[in-house]
Each structure stands twice: as C-alpha cells, then as structure tokens.
There are 4 protein chains.
Amino acid sequence: MFKSVGIVARFDKRKALKLAEETAEYLAKKGLNICIEETLKNKLKGHWNFCPLEKMKTDFIITIGGDGTILRTCVAIPKPEPPILAINMGVRGFLTEVPPEEAFKAIDKCLRGDFITEKCAKLSVTAGDKKLPDALNEVLITVDEPVKIMYAKISKDNEHVLDCQADGVMIATPTGSTGYSLSAGGPVLDPSVEAFVLTPVCSLSVFRSIVFPAESKISVEVLRPKRVLVVVDGAYRTFLEAPNTCVTVTRSRNETIFIRFRENFYNRLRSRLLFRGVGGKA
Amino acid sequence: MFKSVGIVARFDKRKALKLAEETAEYLAKKGLNICIEETLKNKLKGHWNFCPLEKMKTDFIITIGGDGTILRTCVAIPKPEPPILAINMGVRGFLTEVPPEEAFKAIDKCLRGDFITEKCAKLSVTAGDKKLPDALNEVLITVDEPVKIMYAKISKDNEHVLDCQADGVMIATPTGSTGYSLSAGGPVLDPSVEAFVLTPVCSLSVFRSIVFPAESKISVEVLRPKRVLVVVDGAYRTFLEAPNTCVTVTRSRNETIFIRFRENFYNRLRSRLLFRGVGGKA
Amino acid sequence: MFKSVGIVARFDKRKALKLAEETAEYLAKKGLNICIEETLKNKLKGHWNFCPLEKMKTDFIITIGGDGTILRTCVAIPKPEPPILAINMGVRGFLTEVPPEEAFKAIDKCLRGDFITEKCAKLSVTAGDKKLPDALNEVLITVDEPVKIMYAKISKDNEHVLDCQADGVMIATPTGSTGYSLSAGGPVLDPSVEAFVLTPVCSLSVFRSIVFPAESKISVEVLRPKRVLVVVDGAYRTFLEAPNTCVTVTRSRNETIFIRFRENFYNRLRSRLLFRGVGGKA
Amino acid sequence: MFKSVGIVARFDKRKALKLAEETAEYLAKKGLNICIEETLKNKLKGHWNFCPLEKMKTDFIITIGGDGTILRTCVAIPKPEPPILAINMGVRGFLTEVPPEEAFKAIDKCLRGDFITEKCAKLSVTAGDKKLPDALNEVLITVDEPVKIMYAKISKDNEHVLDCQADGVMIATPTGSTGYSLSAGGPVLDPSVEAFVLTPVCSLSVFRSIVFPAESKISVEVLRPKRVLVVVDGAYRTFLEAPNTCVTVTRSRNETIFIRFRENFYNRLRSRLLFRGVGGKA
C-alpha cells in the first residue's frame, strides 16, 4: 500500500531522535523509500535521504513529537497532504494517536492498511494581498507586543459583525478548538460540525466567541495599531503593516488527514482536560 | 394571502393591550378572521373571538410583547407553526422585528406579501419517557433549588462526552445562543450554523461549551440529585424524578418562522450587546 | 480543656451515623458531656442527650459530613460559635479537616489541646428590615425561577457602584470564595485578605467580580422582579417581596472557628480544583 | 505651594503637543519653574528647559495623554514620586482626571491647593536577581512569542500555591485591576482593598484569579520555556533567561499620587465599562 514514507521528529529531544532512527531502520527493512526531514541531518546514525519539509513528497508521513511537530509539518509539506501517523513524544499530544511504546505495532497496522482516516478541515488565510499557509488549528491576529490593545472590525461575507478591542483575535477550526482557542475561552467544536470559531483574546467585550459556518468568509480588519502579528498554527509568523492589515479566512480546499486506529475524540478531550486541569505536573 | 390571524399580547402592560385592540380593529377592517389569545378576554374593548394558544390555528400570528411572549406562543401553538410577526413591547426584544410605532406599516407589508421569512431550528426534547414542548431558544436542566450541585453525564449519539458538575446544563439553538446561553458564557452561533451548543451553568469544569452538529442526539443523564427541574424556553417547566432524569435532545421537525423585513442578525446582536453591556438603564 | 461536645452528622448516610455513634461512645468514655443533634434521634443506638442545633451550647462541636453539614451547623448554633472539628463524610469536603479513618486520632489531639484554630470572617446580612443568619460562605440574591432576569443596583457605603442584569448576585467571604462563588467565575481570596467578593451569576455585564474591603457596607437593591429569593450558605432560604428587596451585607461580629492540625489552605485548594477539574467521578 | 512643575505629553499627537505648549506658557506666566520631558524637544515652540524623565525632580507633574503616558512617567521618574495631574488626551484615560478643555481650570485649582490626593499602591518587582521598576498597574510574565505555553509555579511567602499553564501570569494592583487585568478575566479590586490579584492569561486552569494580601510575597517561577518576557505597566520590558526566570512581587515602599478633584472611582469604572462594552467606536 504505502511505498514511501517521510519522517519528521523533534530535534531537541534525545528520545525522539532515537525513535526516529529506529523507525527509519524498521521501515528500511520493510523495503520502504524513506525521506527524513533535513533538520535531523547529522543527528541520526546511518545514511539516509534527507530533504526539507517543503519537498517531502511521500505516501505518508510519520511525526515523532507533539502537536507542535505536527503543526509545523502541515504548514510546510506540499499539498495535497499525505496522511500522517502521529507518534506522541511531546508534552501536549492532543493531535497525536500513538504512544511511543506502541510505535512499531502502529506502523505494522499502517502498512497493512488496518486503520481509519480522520480528515480535518483547514483555514485558507489571506493577509493583506498575501496568501499565508493554511491553518490546521488556528490563525491568530495580535498586537506585536504584549499589553497593547488591538482594535478590529469583524465581518462575515462583507457584512459587519462586531468591533472588538482585545489583545488579538483568533479563528480556529474544530481541530483547533481544543487547543489554544480553548485557553482563550472558546467552545469545543465537535469534529463533525461544519464551522469555525472566532474568539477575541483578552477582550473586554461582552461576547466571548462567535461560531461561523465553514462556508463563510470571515474578515478581521485591524484598525489599530499600524503593525500586527499574524501567527498560523503557532508555526508560521508574519507581520502586517497598515494599510494591509486585513486578514481574510475561508475554508481551505486542503485538509489534513490523520491515521487513526479508533474513533476517540471525546476520550482524547477528557484526557486533555484532566491533564491541564490544575497542572500539578507540567 | 393571509386570511386569518392570531393575536397574542402581554397582558400585564397597558400599552400592549391597547396596541392589541387597535391591531385587531385594523385587521378586522381589512377583512381578516381574527383570533385573540384567551388570556386577553375581558381586557379588550369590542367583541372578539378568543381561544387558547393550543387551539390557535391561523395563517399567521402577531405577537405584541418581548421575547417571553414569543417563546410562550411557540411552546403552545399547534404544529406546524404559522409565521410570526413580532412587535416589540418588552424589555428584551431580541427576537422581535418591529417597534410599536411601525406596527401598522409592518402589518400592511405583511398583508401584501412584502417580507422575507427567517426559519429557526428547534430542539425536540424528551425527559425520561415524556415528550416536552420543542425549544426555540434553549432547554435547561437544573437543580430544583439554588446553591445545590448537579452531577451529569453528557453523551452524543450514545458516546460518552464528558461528566460535569454544575448548577445545570443548557442546550441552545443558534436562535437561543444570543439569549440565556450567552449569559452562561456560551458562544454566539451564526444563524446559518447547523449546530446546537451545550453550556454548563456555573460549572468548575475547564471546558465552557461544546458545539454539536444539529443532527446529533445529545443526552444529559443526571446522576444526582434525585430531582431536577427542566425548563423549556423559560416558558414550560417540569420536574424529573430519578430514575427518569435523563434528558435527550435532537433537532425537531418543527421550526419557528419569523416574518422579517430585512436580514439583520448582526445589527440586532450589536444592539443587544450594547444594551446589556453595563446595564445603566434596565 | 474541652468538657462538653456537640455532635452533628449527616442523617442520610449510614456510615456517617455509625461514626457519630462510635464518636459519642468514645467521648463518653473520656468523660465528656455529649449533646447530639436532634435529627439523629431514633437513628443511633444507646441513650444520648439530644437537642436542636439552636440550643447546642457546648465547648466544641464535631461535624461528621461534608461542607453542607458544617454550613447548616454554623447557620443555626448559638453565638459566639464554639470551635468545630470537621470530619469529612461528604462528597465535597473543602471545609473539612479530617478523613473518617483519622477521626479518633484527631479527637485525641483535640482533647489534649494539640491543634491550631482557623478563624473565618462571616457576613452579616439584612434583607429588607429583617436580619438573616450570618453567612460563612456566601449570600445569594436570585430570581425565584430559572431563566428569569434580575435587575439590581449595587452600592458600596451608599455610593452607586454598578447596575447589573443577571440570574443573581452573590457576595462571598474568603472562605466561600472557593465554593459556589468560584463556580460563578469569582476569584479565590487568600484567607488572610480582609475582603468580600461580589459576583453576578450568569450576567452579560463586562465585569466579572468586584472585591470590596471587609469594612464596607455592600447593598444589592433589586429593581426587578418584585419577588426574589435570598439564600444564605445554601442552608437558609427566604423570599423577599417588593418594596423590601434590598439586601445589605457587612462583616459580622461573629466568626466561625475551625480546629486545624496544620496550615494547608493551598493544599486543600489544589485537591479541590483537581477533583472538580473534569469530574470523571462525582 | 507648588514652585516647580514637570510636563510630559504624548509626542505622536498634534493636539497633545499644542496643549503642552499652552500649558507651559500658562505656568511660566504664573512664575513656576518648568521642566519638559526631553522627547518633546524640537516639537514645541519657545525656549524651555528639557530633561529626561529619569531626572525630572519637580513639585508635581502634569501628564497630557492617556494611561500609557502616565504609566511610562511613573516607571521612570525619581522616587518618591511627586503628585501627578493627569489631563486626558488618549484613547483610554481611566487613570486620568481632567478632560483637555478643563485643563487650565484644573491647573488653577491645583496651584491654590484646592484638590485631594489619591495614593496608589505599587508593586516591587524582582526578576532573577534584578530589580525592575515598580508597577503601578501590573507586571506580566509571558512567553516571548504568541501561541507558546508557559509553565509556572506560583508561591506565596514561599508556600506552594498552584502550578499553571498559560500564555502568561499577571499580578495587578487595585489600580491595575481595571486595566489589562480585567481583560484577562480578573476581578475589579476596590481602591481601598489592601491586596493584589494574580491572573493567568489564556489558561486552561479551573481557577481564574487569586487575590493575595498586599503584605505577601508572591513568586512566579517559570519552569518552561527557558526564555520569557517580563512587562511592567506596558512600559518597561525585559527578557529573562533560565535559570533566572523567577519573578518575585511585593508591595513597594513607593506609591503613585494622583491629584483628584472628587472621589469618583466607580463613576470612572462605569464609563470605562460602557465605553469598552461593544466597542462600536474605537
């Protein structure tokens, strides 16, 4: 089924590197073509084929890390995205599926086609006249320094919705609704809801979040300050300068596809909420 | 077009009664069959045909009051519901369309078919083995006395979602998302989102709200206490006793239809938020 | 040191009754005069001296139950209140000190004076012209039925503070700030802060809570509806009717004294927050 | 009474510069020694004595701008701070007292001693082993880039309070409790409460804010990431690197003194909340 595989791993964690190495060896023995992300060059034993994420064209991708590793992979890989098998080696692994000790068992299942796929809607983001990478989790438009205030006008399909004064404004997908958006006070969107959620960050406004249908075009026009920061999935950052400080969001044609072995959204949600409840152990 | 009309009005407000009287006279002159809600009997001059809401079968209905008047009308009238022209004579008139001084102009437009309709999804609510009235705004399951705690298990299509400890749990439609649900910290749902939102009231849980697709079956199984109160649209109340304390919510086949003269959801939302912002004047 | 003791226990829990019995026997052998709360009459073996809480004049009191048992004890016992040794036999035992298996060890320590006391400020509450019981946790002024709205004017020392529209308004002590007030979105007050906190329940107002100095007089004047419910510590309820719907709160001269064996406010807070985080097990 | 005066103004607003000029001329005629903040050099007509804020030693100071102008003045001027007459020429003027059209009337009152003073507690902040400027509003410890997570251990007088996972942690004075702290979900502290309030920013924790007595020592020990940003009053910024990422806050010996013409905290609060309610006009 799968003939080629890309491997992406956290490079700041000894254990992740070791598992990346073992995974590569395991897959090589199975006869797959392997491409490893360039940043791991010189960090792995053995002779491997390295390439940047932007050029990683394989049948599927294995990520070894946390949500951050997945998000930066999705931001950069060529579209349409191949399915991702996400092995957890991070602090936060909400999007991940497999604990490290089950990595090889999962890979075996994967290779014999014994899995389901979860397709996640993404946001297409235009800032000023510039197309940014699609967002799997969220796009954040925010002041460039803390403790400043941003004034923004929010529209849906060119109709004025609300103005807001806040640190920033975030638009999240259902996938992202359990991440940073949740910390900012946003609702959880069930994965099968066809919608996006806009949430102001640290706002004094009486409204908390607005849930828009996925087919709408949402615009955030920054009235002040003249320079703001746009962050896609915590992985891509760019500054906007007036007068090009309008960010427009629609549903992307691309989606991210996760390899899953069971339906378990709410199981994962409960674990996540419990884990972050008081945070006794970081 | 319309040949018969029902009139419902607040009976605790002199002005509303007066407008009801004038409206009836105006419509009688136009030759319409008029049916007035029974509670106004003996409060209006003239000889009118009175009937209870449960028997009001007319081509359309005029409500004169606030959201409360609309909600109790929708709870009680025979299904399918005729369209409603809502004249504002209440404190909160989020669902209403027409200020009282424009009542006759609006009625004229109405009679010549010069309007659009807004169709609002409703919730079908089953409590234990008992079918409750459909909800236009929200259904609330709550403790029967303040400062008690309710423990509930929330499921979606028989899959366990989360447990929660709170004063109560509320499930709202997009229409209801700007009402009581908003006070409880829920998000605003754009009217075209096909979803419902569940929000715990005064909960210590880390999650705030969950947005479910409209086609799902949401269950709230009350584990404790043994007796809880269920309120539909603030207009219908019933107590549940263990072991029949499970409330199930799906999308209703019925919908409520409002007569509108322009698309203006976000205009109304802005007014509403501004009005309730600080509440200088109630 | 202590010559007489009162015993109060949950009467709806077999285990609590059993422990009450054993405790009474244990203390009787030690030669203390024992008074048991009247509601336990006919539920305990042995011949005991029963009296209502209102007449329980002893050197100290042992409560066997949860926070609810403590709160109803404090509302009713004669003032000034004797110290309370709180043995946990409830779901929520934030105010309690001792797990049931350590009850006799704790009693021994108590009898030989090996303890510290924690003094908790209480609220003096006047509703209309009627003095209500002092509140150890909080006083709540709320609508008499869910899904109604209360309009209230809040003042501090006769100075207008804010108006608010909400389900209700709550004023909590530092002790109460970790209870119902926290669920309503209020801040935790460190036990040594000389302050009270007012929090609207399910409000759309932009403010969440206001922290007032303990020496201030806080008034909540209900403008609408004409009838509201006032609840002290979840244990005492009364209805107010217009025009006597103004509730005034000051610091009480009385305080509640807990017998503690170590300083551990934040230990208890962490346990409580963790426990209620997701609420997997009620 | 006052013989010398310092003038500080926004230099990015024509109107503020003009009023600064007129104010200087007006005060010169009255015979006061005038010192103008250095950043206004070359922007004002006339020959004036300019000096940096750090050297501005005068009997009182007039600020012409918004809260930002006041905050950067208080951060920099020599201690003990002279009283401040704050003329509003900013978007947010919560701390300001006088609208621009009443500037000269206010100055006259000031010069003849016809005013009251409002003394505001400040925070003494130590980051690692470095003393930072005192905070009038708040100190924020936060990640150096948005969408990262900070893990921190919070202590009070060396006792462990709670751990938290958030964008950042903020500690605010009563003065600051109506500013950025309010946006982050913190309570309003009445000006006479002797307390500070700690609020996590965009946290998933179940607690919102903790109110500590003003005499306590609050520590925020950042466990991760290795580099964080500390911001005092939005006006002073510094980065901390592990292992010096512990920030300690106590009450400062310094205070900021405002010249006021009437007691009006809650008047100002109501205006502020109304203004920011929906934010129709930025």
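Cut-offs and rules
- Residues numbered from 1 in each chain as written.
- Chains lettered and ligands numbered in written order.
- Predicted model: local features only at pLDDT ≥ 70, side-chain atom pairs only at ≥ 80, totals over all residues.
- Heavy atoms only, no water.
- Helix = DSSP H or I, 4+ residues; strand = E, 2+ residues; numbered from the N terminus.
- Rg over C-alpha atoms; globule rule 2.2 N^0.38 Å.
- Buried < 20%, exposed > 50% of the residue type's maximum accessible area, 1.4 Å probe, protein only.
- Areas by Shrake-Rupley, 256 points an atom, 1.4 Å probe, with all protein chains shown as cover.
- Lys, Arg positive; Asp, Glu negative; His and termini not counted.
- Charge placed at Lys NZ, Arg CZ, Asp CG, Glu CD.
- Salt bridge = Lys/Arg side-chain N within 4 Å of Asp/Glu carboxyl O.
- Pairing = 2+ DSSP bridges.
- Phe/Tyr/Trp six-rings, centres within 6.5 Å; stacked < 30°, edge-to-face > 60°.
- Polar contact = N/O pair within 3.5 Å; in protein donor to acceptor, adjacent residues only side chain to side chain.
- Contact = heavy atoms within 4.5 Å.

1. Regarding the overall build of chain A
The helix and strand inventory of chain A stands at five helices and 18 strands. In terms of C-alpha radius of gyration, chain A reaches 20 Å, essentially the compact-globule figure of 19 Å for 282 residues. On the principal axes, the C-alpha backbone points of chain A span a range of 60 × 35 × 35 Å. Counting the 282 residues in chain A, one finds 62% classified as buried. Entry remark: accessible area of chain A is about 10,700 Å², with carbon and sulfur atoms responsible for 48%. Separation of charge centres in chain A, based on 41 positive and 33 negative side chains, amounts to 4 Å.

2. Things to note about the pattern of salt bridges
Taken as a whole, this structure holds 72 salt bridges over all chains when the rule is applied. The partner of Arg10(C) in a salt bridge is Asp12(C), with the nearest N and O atoms 3.0 Å apart. Under the relative-accessibility criterion, Asp12(C) is labelled exposed at 54%. The partner of Asp190(C) in a salt bridge is Lys156(D), with the nearest N and O atoms 3.0 Å apart. You can see Asp190(C) sitting in the loop between strand 12 (188–189) and strand 13 (195–201) and its partner Lys156(D) sitting in strand 9 (residues 150–156), one on each of two chains. Of the residues examined, Asp190(C) reaches a relative accessible area of 1% and is grouped as buried.

3. Quick word on the sheet that holds strand 8 (residues 138–143) of chain A
Strand order in the open sheet formed by seven strands is 17(A)-16(A)-8(A)-11(A)-13(A)-14(A)-12(B), and the pairing between neighbours is mixed. The strands lining the two open edges of the sheet, one partner per strand, are strand 17 (236–241) of chain A together with strand 12 (188–189) of chain B. Strand direction decides the pairing type here: strand 11 (residues 168–172) of chain A and strand 13 (residues 195–201) of chain A, joined by five bridges, are antiparallel. The partner of Ile171(A) across the bridge, within strand 13 of chain A, is Leu198(A).

4. With respect to the packing of aromatic side chains
All names here are of chain B. All chains considered together, the criterion is met by 24 aromatic pairs over all chains. Seen in terms of ring centroids, Phe2 and Phe60 are 4.4 Å apart; in terms of plane orientation they differ by 20°. Their pairing is stacked. A residue pair is termed long-range when its members are at least 10 positions apart, and Phe2 in the segment before strand 1 (4–9) and Phe60 in strand 4 (residues 60–65) qualify at 58 residues. Per residue, the accessibility class of Phe2 equals that of Phe60, and both read buried.

5. Details of the side chain of Glu81(C)
Residue and element names in this part refer to chain C. By the secondary structure assignment, Glu81 is in the loop between helix 2 (67–76) and strand 5 (84–88). A polar side-chain atom of Glu81 sits 2.4 Å from a polar atom in the side chain of Lys122. There is a polar contact of 2.7 Å between the side chain of Glu81 and the side chain of Thr256. With residues near it in sequence (within four places) discarded, Glu81 still touches Cys74, Lys122, Glu255, Thr256 and Ile257.

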